[in-house]
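Each chain is listed here by its residues.
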Amino acid sequence: MSVVQENVSPVRPRTGRAAPRPRLTPVAIVYLALVALLVVGSVLVGLRGEVLLDQAGILNILTRAAALGLVAVGQTMVILTGSLDLSVAYLIGLTSLIAAETMAGRDGMVVPGVLLALAVAAGVGLVNGLVITVLKANAFIATLGVALILRGYLEDNYTGPAGDVPRGFQHLGYDRIGPVPVAALLMLAVAAVAWWYLSRTRPGYHMYAVGGDIEVARLSGVPTRRVVVTAHVLCSVAAGLTGIYLASRLGSGAPYVGTDAGYDLESIAAVVLGGTLLAGGRGGVVGTIGGVLILATLDTIFDDLAVDPFFKDVVRGVVLVTAVALYARRMTARRARGRLA
Amino acid sequence: MTPGPATRVRLRGITKSFLGVPVLHGVDLDLRGGEVHAVMGENGAGKSTLLKVLAGVHRPDGGTVEVDGTEVSFAGPTDAQRAGIAIIHQEFTLLPHRTVAENVYLGREPVRRMQVDRRRMVADTRALLDWLGEDGIAPTDVVASLSVAQRQVVEIVKALSTDARVLGMDEPTAALADHEVELLYDLVRRLRERGIAILYVSHRMREVFDLSDRITVLKDGRFVTCAPTRELTSEDLVRHMVGRDLGEYYPDRARPGDLGPVRLALRGAGNDRVRDLTFEVRAGEIVGLAGLQGSGRSAVARAVFGVEPFTRGVLEVDGTPRRVARPRTAVRLGIALVTEDRKGDGLALRQSVRDNTLLVRRAALRGARARARSDLPALLGMVAVVARGEHQEVRFLSGGNQQKVVLAKWLAVAPKVLVVDEPTRGIDVGAKRAVHELLRDLARRGVAVLMISSELPELIGMSDRILVMHDGALAGELPAGASEGAVMALATGHGLAEAVA
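The shown structure was predicted, so the numbers you read here are calculated from the model rather than taken from an experiment.

Calculation criteria
- Residues numbered from 1 in each chain as written.
- Chains lettered and ligands numbered in written order.
- Predicted model: local features only at pLDDT ≥ 70, side-chain atom pairs only at ≥ 80, totals over all residues.
- Helix = DSSP H or I, 4+ residues; strand = E, 2+ residues; numbered from the N terminus.
- Contact = placed C-beta atoms within 7 Å.
- Buried ≥ 20, exposed ≤ 12 C-beta atoms within 10 Å, placed from the backbone.
- Axes fitted to C-alpha atoms, helices over the stretch in contact; angles between N-to-C directions.
- Parallel < 35°, antiparallel > 145°, perpendicular 65-115°, else oblique.
- Left-handed = near helix turned anticlockwise from the far one by under 90°.
- Nonpolar A, V, L, I, M, F, W, Y, C, P; charged D, E, K, R; others polar.
- pLDDT = per-residue confidence, 0-100.
- Core = buried A, V, L, I, M, F, W, Y, C linked by C-beta atoms within 7 Å.

Student: Mind showing me how you'd approach the environment of L266(B) here?
Tutor: Residue and element names in this part refer to chain B. On the secondary structure map, L266 appears in strand β13 (residues 262–270). In sequence terms L266 and A123 are 143 residues apart; their C-alpha atoms lie 53 Å from each other. If near-sequence neighbours (up to four positions away) are discounted, L266 is found in contact with L277, T278, F279, G313 and L315.

Here you go:
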């Protein structure tokens, strides 16, 4: 203890060891990447003599973003809590059918159809949450199992689209204000509520705590089970909303509308692309929306450029891996600085 | 020992055993408001267990706990918190990505109009930080951006925010740099002035003398003495801490003629945990590496084995400088490491005795040598593993037999340099003796052994020379059969070094 120390400031703790404020947060990176993508995309599409961000282009991007955004906002909550939900894609198919079949073309049944679809979604989320917290099944396996159960039900009972959505309800799918679809506004409203919930309310704080370190949370008196179950219910409700929206767009329910678009893995990709740690505890909805917009923009650019669909997947994979590697580097750099001597 | 009116916590006759092994035998302890009460003892003396009893983590098997004159029984840490007792553990319990205020009020966030009242949370946290005179930390700082010392302050603020009147601190300086220790001293003194009762667990002599008002010494789970700090000298303390009967048997040491060439040599080696290490280990020799927890003993072992390699200086094997950047390189060079954490790092618990024994050979060697298994019975016989067969999963073996499998795993690649970290931790007396004899036997066959142990009698009994570490550097070297006092003096950085050695 009598070792001579250099650079010791006698009064304040030395902050040299403490990490300097990160130059850019993942959220900032995501939106900068989005802007860069829009610029590059506009140039590339421009070279073909077309315009990326004309009315149709914006509409295209936002329409794609609406459905994925709804699922991804829910997925953000479970991932922040340190969990994961692989059952959303089948749940989207199921809720689209429940909504459309309940409505059966009658305007008066719109509200009951929506409510029933959401209630079933919440029930599925409750099952997911309870299997994970009470039966202590790993989230990956638990939600995969629930996904298989839903698939079995869908395959057993449906061969194709079913149910009928009244014309009035199709406004949700097709109305727009200028180039902005109503559904995109719905998605942003849901995202805003989720943002408020996560960053301003006590249960939201607890989601970050449980995802950050479940033992620390438990020892600090956080009701960890309730938090995980809540996150799963909210995630499934978000998936239910997606199913309802897609039913309104298709005019009927379709068993594979969620899986065809790969909303399970796609939503996880969007969340991770948005800078949320897959292990939980850090991230948020704002980044997720950025991730969703990047994926939607990429798709639109590829369509405009008429790119080979397989090459499209290659690029998406590269983008995803690059993003996660980038965040991981920042995390390890930070951890190395904060580590004990 | 007569408890004054300010006695907040009174422990009487606390006993505790784990799996039949007694750890505490009837320990008494009083904690008074406005007093720093240090508990000292060697590693394994029962200090941390006592602290955990106070924290409600462990339930005592016998004895009573009184808080403010009322007998209590804690079912868990939450009960202890409710009684106003908070513990700062060695590992931090903070969420790195959240702010200071969010951590302090975790699980107890104030709510106003459906929202977390962030303004109040921040204000209350700032008030506590001000109360402690900590103006270097803002409630809105993210914990990951704070220094280790500052994180400790946050832990303390978190404890205080629950209205704790009794604060237990377990080796609070273990993670701190020297200049940060001074800051912690200030903080502890301020807490004392404000009437908090502090239980300060440490084995660092200087800290205890600098800070405490009273000292309780534990040895092998027994209460030795409790006296006001000003009535004790450091010589008294060392004597109280180590005075024990040395009725154990150890194999004969190496004779001068047994020593062969230098197998392992470090010249000015260091990394971010240890520095300026220069020493040699010869064939046929067991060199003991002593030091307190956190002194860098295990870091030396990990560096030699390439887990967290040296970044400075030279490491030589058989006289040739080598760069050991990975364990695989170390194994190929004939270096073996028996880690401290047998179950975590040493064994694949769900695999068989046979697979574990052949693990390193299969992983690091090539061709026929890797496939060789004809000598398996000989290997297992050499370490005298007792198992139902070579196909039994090692998790079903006793600790001693598991450790023998770990040793067999390394014997399978015939190492030249064997580093053993706590080779007899948690194993019974019979197995201990077997491990001791095996290590000496290996030395006689020309292996250079570097042995780390927190058990001083064992280290002294086994070693041909003892290197003592303190704060990441070598504090000195002692000959075979040095006294425990001499080792402890060097290890605690106590000024007795020259006098005793």
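Student: Whenever I open this one, unusual backbone geometry confuses me. Can you help?
Tutor: A negative phi angle is the norm for most residues apart from glycine, just as the trans form is the norm for most peptide bonds. Positive phi, close to 45°, is recorded for A104(A), a residue that is not glycine. Looking at the secondary structure, you find A104(A) in the loop between α3 (88–103) and α4 (110–133). For A104(A), a count of 13 C-beta atoms within 10 Å translates into the label partly exposed. Residues other than glycine seldom take positive phi values, yet A384(B) does so here, at roughly 60°. Within the secondary structure, A384(B) is located in the loop between α15 (376–383) and α16 (399–411).

Student: Hey, could you run me through the packing of α3(A) against helix α10 (residues 224–250) of chain A in this one?
Tutor: The angle between the axes and the distance between the axes are what describe a pair of packed helices. Residue and element names in this part refer to chain A. With their axes 7 Å apart at the nearest point, α3 and α10 run at an angle of 50° to one another. One element, α3, and the other, α10, form an angle in the oblique class. In this structure, α3 meets α10 at a crossing whose hand is right-handed. For the pair α3 and α10, contact is made by V88, L91, I92, G93, L94, T95, S96, A99 and A100 and by S236, A239, G240, T242, G243, I244, L246 and A247, respectively. When grouped by side-chain class, the residues that make up the contact of α3 with α10 number 10 nonpolar, seven polar and no charged.

Student: Looking at this structure, how should I read the packing of helix α1 (residues 26–47) of chain A against helix α13 (residues 285–305) of chain A?
Tutor: All names here are of chain A. Between α1 and α13, the shortest axis-to-axis distance is 9 Å and the interhelical angle comes to 15°. For the element pair α1 / α13, the angle class is roughly parallel. Pair α1 / α13 crosses with left-handed handedness. On α13, the residues that touch P26, V27, V30, Y31, A33, L34, L37, L38, G41, L44 and V45 of α1 are V286, G287, G290, G291, L293, I294, T297, L298, I301, D304 and L305. Across the contact of α1 with α13, the residue classes tally to 16 nonpolar, five polar and one charged.

Student: Help me understand the confidence of the model for chain B, please; the structure alone is not making it clear to me.
Tutor: Segments scoring low in pLDDT should not have their predicted coordinates read at a detailed level. Residue and element names in this part refer to chain B. For chain B, the average pLDDT comes to 86, and 93% of its residues sit at 70 or higher. Under a pLDDT of 50 for its full length, residues 1–5 has, in the predicted model, four contacts with residues more than four places off or in other chains. Counting interchain partners and residues more than four positions distant, the pLDDT-below-50 stretch residues 496–501 has 11 contacts. Both scores are available for the predicted complex, with the pTM at 0.73 and the ipTM at 0.82.

Student: When you look at the nonpolar core in this model, what are you seeing that I'm missing?
Tutor: In summary, soluble globular proteins display a tendency toward joint burial of nonpolar side chains. Core analysis: the largest hydrophobic core is formed by 251 residues, its most contacted members being V419(B), V449(B), M451(B) and V487(B). The element contributing the most residues to this core is α10(A), with 15 residues. Non-local contacts of M451(B), meaning those with residues more than four positions away in its chain, are made with I286(B), V287(B), G288(B), L289(B), V420(B), P423(B), L439(B), L459(B), M462(B) and S463(B).

Student: So what exactly am I meant to see when it comes to the environment of L349(B) here?
Tutor: Residue and element names in this part refer to chain B. Relative to the assigned elements, L349 resides in the loop between α11 (342–346) and α12 (353–357). The exposure class assigned to L349 is partly exposed, which follows from the 15 C-beta atoms found within 10 Å. Sequence-wise, L349 and R395 are 46 residues apart; in three dimensions their C-alpha atoms are separated by 4.8 Å. Here L349 is in contact with K343, V394 and R395, once residues within four sequence places are set aside.

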